[in-house]
Amino acid sequence: MIAALFFYLFAGICVASAFMVIAARNPVHSVLYLILAFVNASGLFVMMGAEFLAMILIVVYVGAVAVLFLFVVMMLDVDFASLKQGVLQYLPIGLLIGGIFLAELVLVVGTWAIVPSVTAAITAPIPTNMPNTEALGLVLYTRYVYFFQAAGLILLVAMVGAIVLTLRHKERVKRQDIPTQNARTPAMSIEVVKVRTGQGLGSNL
Amino acid sequence: MNEMLTARDLLPLLPELLLGGGAMLMLMVGAFSGERSANVVNGWSIVILVVVAGFLLSLPAGKYVLFGGSFVVDDYARFLKFLTLIGSAGALVLSLDYLNAEKQQKFEYGALFLLSTLGMLMLISAGDLIALYLGLELMSLALYVLAASNRDQVKSTEAGLKYFVLGALSSGMLLYGASLIYGFTGTVSFTGIAKATASGANIGLVFGLVFLFVGFCFKISAVPFHMWTPDVYEGSPTPVTAFFAAAPKVAAIAIFVRATIVAFPGITHEWQQIVVFVSIASMVLGSFAAIGQKNIKRLMAYSSIGHMGFALVGLAAGTADGVQGVLVYMAIYVAMTLGTFAVILSMRRDGVLVENISDLAGLSRTHPAMAFFLAMLLFSLAGIPPLAGFFAKFYVFLAAVQAGLYMLAVIGVLASVVGAYYYLMIIKIMYFDEPARAFERMPGLLRLVLGISGVINLLFFAYPAPLLGAATVAAKSLF
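Along each chain, the written sequence defines residue order, and numbers are assigned to residues from 1. Written order determines the labels here, with chains lettered from A and ligands numbered from 1. Since the coordinates come from a predicted model, pLDDT governs what is reported: local features require at least 70, and pairs of side-chain atoms require 80 or more to be given and counted, while whole-chain, interface and lining totals use all residues. The basis for the side-chain values is all heavy atoms of the structure; hydrogens and waters are excluded.

### A few points about a nonpolar patch on the surface
Residue and element names in this part refer to chain A.
And step 1. The patches reported here contain residues having more than 30% relative accessible area and no salt bridge. Joining distances are 9 Å for like charges and 5 Å for nonpolar side chains (Val, Leu, Ile, Met, Phe, Trp, Tyr). Every accessible area reported is derived by Shrake-Rupley at a probe size of 1.4 Å, with residue values counting cover from the shown protein chains alone. Here, a salt bridge means any side-chain nitrogen of Lys or Arg that lies within 4 Å of a carboxyl oxygen of Asp or Glu. A surface patch of nonpolar side chains, amounting to about 1,100 Å² of accessible area, comprises Met1, Ile2, Leu5, Phe6, Phe7, Tyr8, Leu9, Ile13, Leu36 and Met47.
And step 2. Elements with a contribution of two residues or more to the nonpolar patch: helix H1 (2-23) and helix H2 (27-48).
And step 3. Considering each element in turn, the nonpolar patch owes the most residues, 7 residues, to H1. Runs of H or I in DSSP of at least four residues are treated as helices and runs of E of at least two as strands, each being numbered from the N terminus.

Structure representation (structure tokens):
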């Protein structure tokens with residue numbers, strides 16, 4: 001009973017906020033709704049017993065991806081109003097693609113429901129007597145340690161590559177110099193200025 | 001789940017561990033001592049590659065399977081890993097003078113070479129689809145960065161971007177194919193797939209196979225997935241092009257052969273058609289499209305497309321002899337490619353590297369030794385006896401004929417006749433045209449590479465036993 005109640009709560013908010021992601025006028029609001037959708041989806045995962053996936057969703061999507069989106073939206077001056085202008089024009093094709101996705105989802109889930117024997121094709125059975133975080137932990141650093149390390153090396157190359165291709169040592173860039181920063185006194189950095197009424201700071205500086 | 005790994009079990013992994021550790025060490029050295037350490041780092045990277053190759057040879061013989069079948073070390077892997085390491089080390093030796101002359105000293109260059117080579121070794125040893133993909137990505141990601149490493153030049157950036165976008169697309173196709181194969185067989189390991197397909201193929205699996213092959217063909221630049229090759233070869237810094245032409249091709253061919261022979265022996269008929277088509281298309285396009293080229297790097301790109309077609313003839317045969325042919329072909333191909341690029345890298349006038357074929361005019365009079373070696377390499381690339389290139393082609397065609405693929409062998413021989421035209425054209429320009437201005441003196445390291453490669457090409461016929469013997473043992477270990 002209470003599980004059903006929470007399911008409808010999470011699912012309802014998830015769908016509603018997903019709708020608001022595309023409907024909101026302000027892009028910052030869109031991103032915030034996206035975060036809300038992620039949090040609710042992770043609630044749904046917890047209810048299904050996939051607690052590792054739920055935590056990953058929060059950590060990776062909310063913690064990193066959504067915050068990155070937010071930064072991009074705030075830092076790039078994208079005119080979303082003009083981007084949204086052709087919405088009605090592209091509505092038919094959007095509906096068509098949405099319809100195809102829906103049909104595919106129904107097909108996938110339908111196969112699962114109609115032929116339950118497809119799960120027998122899985123050669124590595126899902127352990128039932130332990131939470132899935134523990135199950136993952138048991139194999140991630142033993143059976144799959146090779147893949148884990150290889151993925152780590154790929155990320156290292158990605159990082160090195162990004163630095164090689166973009167970092168430039170410019171002469172006039174101001175860099176943080178911690179000793180100088182620590183050595184600063186109020187006398188060096190604060191100046192008391194008498195501001196005359198109605199004239200602002202411009203003439204005094 | 002209860003596998004306990006001890007340090008002793010990791011011994012076959014030692015070359016990879018050394019290479020990975022070496023790459024990180026080089027990055028640390030570079031990061032702490034700044035840009036001026038570039039030459040030291042690049043030099044030590046060569047040493048690391050050679051040391052790893054030495055360790056590889058000293059590993060105890062036999063077949064080792066680690067991590068539940070994801071990582072396989074057999075004679076096949078040893079042969080190709082050794083070849084890859086030699087190819088990488090050779091390309092890095094070719095880079096040293098270039099980087100100094102072009103003021104492109106970056107310590108990341110050597111480290112990326114090492115990491116990319118590590119990816120190749122992992123690819124060669126891959127025993128399942130996940131290890132395959134991870135190795136492929138590690139190799140490719142470093143290659144994309146190297147292609148764009150001369151970032152102030154539009155052509156280099158363009159090459160990097162083109163390679164990256166198309167490479168990402170091909171990786172996507174490969175993953176799609178891998179997921180279909182997993183879906184229809186229920187396993188990612190090659191031996192498991194072989195068991196599941198022993199009774200024949202269903203249509204879904206063939207779909208997956210085709211997509212998997214698309215990914216492989218892209219990496220070895222076989223027709224019809226070769227479009228990126230001329231642009232990327234032309235735009236990348238020349239020693240990086242030499243690296244592209246030598247090492248990644250070996251690794252990609254290695255996994256192509258391993259995946260096909262080990263994972264799909266039950267559906268030979270299905271994959272044979274694809275390999276035969278790709279092979280014919282590559283040989284023909286490589287021969288005809290190279291004729292009109294003016295830029296020698298683009299010419300080498302088409303030449304490499306053609307050579308991949310010839311190497312695939314051996315795979316199409318699908319026999320141990322065929323695989324042996326592929327291995328011999330790749331070994332000789334690496335030697336020929338490195339030598340040719342040593343010459344291309346010494347085509348320098350007034351401090352600028354020139355790339356047109358017409359710049360080679362009259363080389364026989366200005367640099368007779370260089371012209372002689374290049375002529376021998378070109379004869380070898382064309383497959384003229386008694387040079388090494390002839391034997392490379394001979395073994396793959398022999399395997400094809402023994403497997404009953406007469407059509408393929410005939411088309412291959414015809415394509416190599418057409419290909420001979422443009423190689424001989426360069427020789428004609430070098431020996432019979434009016435001399436252009438002389439190039440600058442050839443740097444010592446380039447002479448060394450050219451000399452070794454030239455000697456291998458000239459004298460292979462006199463003492464082919466070591467290479468043939470090693471290739472036979474390596475090919476047998478797959479079957």
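### Quick word on the interface of chain B and chain A
And step 1. Of the residues lining the interface, 29 residues belong to chain B; the matching set on chain A comes to 23 residues.
And step 2. Accessible area that two parts lose when put together, evaluated with a 1.4 Å probe and summed over both, is termed the buried area. Buried area between chain B and chain A, summed over both chains or domains, comes out near 2,500 Å², and the portion from carbon and sulfur atoms is 75%.
And step 3. For the interface between chain B and chain A, the tally reads 0 salt bridges.
And step 4. We call two N or O atoms a polar contact when they sit within 3.5 Å, provided that within protein one can donate a hydrogen and the other can accept it, with sequence-adjacent residues counted only if both atoms are side-chain atoms. Connecting chain B to chain A are 4 residue pairs in polar contact (both at pLDDT 80 or more).
And step 5. Those elements giving two or more residues to the side of chain B that touches chain A turn out to be helix H1 (14-33), helix H4 (107-125) and helix H5 (129-147) of chain B.
And step 6. Grouping the constituent residues of the side of chain B that touches chain A by class yields 18 nonpolar, 4 polar and 7 charged. Two residues qualify as a contact provided that any one of their heavy atoms is within 4.5 Å of a heavy atom in the partner residue. Under the convention adopted here, Pro, Cys and the residues Ala, Val, Leu, Ile, Met, Phe, Trp and Tyr are nonpolar, Asp, Glu, Lys and Arg are charged, and Gly plus all remaining residues are polar.

### As for the layout of surface pockets
Residues and elements named next belong to chain B.
And step 1. One number sums up the size of the second largest pocket: a volume of about 870 Å³.
And step 2. Per-element accounting of the lining of the second largest pocket gives the leading share, 9 residues, to helix H3 (residues 75-101).
And step 3. Here the residues of the lining of the second largest pocket sort into 28 nonpolar, 2 polar and 2 charged. Every definition here rests on a 1 Å grid over the protein atoms only: cavities are sets of points where a 1.4 Å probe fits but cannot get out, pockets are open sets enclosed by protein on both sides within 12 Å along at least five of seven lines, and lining residues have some atom within 4 Å of a point. Grid points are joined across faces, edges and corners, and a volume is the space filled by probe spheres set on the points.

### A short note on the packing of aromatic side chains
And step 1. Between the rings of Phe, Tyr and Trp (Trp by its six-membered ring), a pair exists once the centres lie within 6.5 Å; its type follows the angle of the planes, with under 30 degrees stacked, over 60 edge-to-face, and the other angles tilted. One pass over the full model with this rule turns up 27 aromatic pairs over all chains.
And step 2. Judged by centre distance (5.7 Å) and plane angle (25 degrees), the ring pair of tyrosine 144 of chain A and phenylalanine 147 of chain A falls under stacked.
And step 3. Ring centres 6.4 Å apart and planes at 45 degrees place the aromatic pair phenylalanine 213 of chain B and phenylalanine 216 of chain B in the tilted group. Of this pair, phenylalanine 213 of chain B and phenylalanine 216 of chain B both sit in helix H8 (residues 203-219), 3 residues apart, roughly one helical turn. Just as phenylalanine 213 of chain B is buried, phenylalanine 216 of chain B falls in that class too.
And step 4. Members of the aromatic cluster, each reached through a chain of ring pairs, are Tyr144, Tyr163, Phe164, Phe218, Trp228 and Phe244 of chain B.
And step 5. Remark: a charge is flagged as sitting over a ring if the NZ atom of Lys or the CZ atom of Arg is within 6 Å of the ring centre and within 35 degrees of the ring normal. Positioned over the ring face of phenylalanine 310 of chain B is lysine 393 of chain B, at 4.6 Å from the centre of the ring. Classification of residues uses two cut-offs on accessible area relative to the type maximum, computed with a 1.4 Å probe and protein chains only: under 20% is buried, over 50% is exposed, and between them is partly exposed.

### Quick look at the domain arrangement of chain A
Residues and elements named next belong to chain A.
And step 1. Structurally, chain A comprises domain 1 (1-77), domain 2 (83-115) and domain 3 (124-167).
And step 2. Annotation comment: domain bounds sourced from an automatic or database domain assignment. Taking the mean C-alpha position of each, domain 1 and domain 3 sit 25 Å from one another.
And step 3. Around 310 Å² of area is buried between domain 1 and domain 3 when both sides are counted, 50% of it from carbon and sulfur atoms.
And step 4. In this assembly, domain 1 and domain 3 are joined by 0 salt bridges.
And step 5. Linking domain 1 to domain 3 there are 4 residue pairs in polar contact (both at pLDDT 80 or more).

### Regarding empty space enclosed by the protein
One water molecule sets the probe size; rolling that probe over the atoms shows where empty space is left.
And step 1. Scanning all chains against the criterion turns up 3 cavities of 30 Å³ or more.
And step 2. Roughly 90 Å³ of internal volume is contained in the largest cavity.
And step 3. Taken together, Val164 of chain A together with Tyr98, Leu99, Gln104, Lys106, Glu108, Tyr109, Leu112, Ser149, Asn150 and Pro237 of chain B make up the full set of residues lining the largest cavity.
And step 4. Within the residue set of the lining of the largest cavity, elements represented by two or more residues are H3 and H4 of chain B.
And step 5. Taken together, the residues of the lining of the largest cavity break down into 6 nonpolar, 3 polar and 2 charged.
And step 6. Around the second largest cavity, the lining comprises 15 residues; the ones closest to its centre are Ser287, Phe310, Gly419, Tyr422 and Tyr423 of chain B.

### Some points on the side chain of serine 30 of chain A
And step 1. Within the secondary structure, serine 30 of chain A is located in helix H2.
And step 2. Once you skip the residues sitting within four places of it in the chain, serine 30 of chain A turns out to touch Met20, Val21 and Ala24 of chain A.

### Topic: the pattern of salt bridges
All names here are of chain B.
And step 1. Considering all chains together, one arrives at 13 salt bridges over all chains under this definition.
And step 2. Notably, a salt bridge pairs aspartate 75 with arginine 78, separated by 2.9 Å at the nearest N-O pair. Separated by 3 residues within a single helix, aspartate 75 and arginine 78 lie in helix H3, roughly one turn from each other.
And step 3. Through salt bridges with shared partners, a single network forms among Lys155, Glu158, Lys162, Asp231, Glu234 and Arg298.

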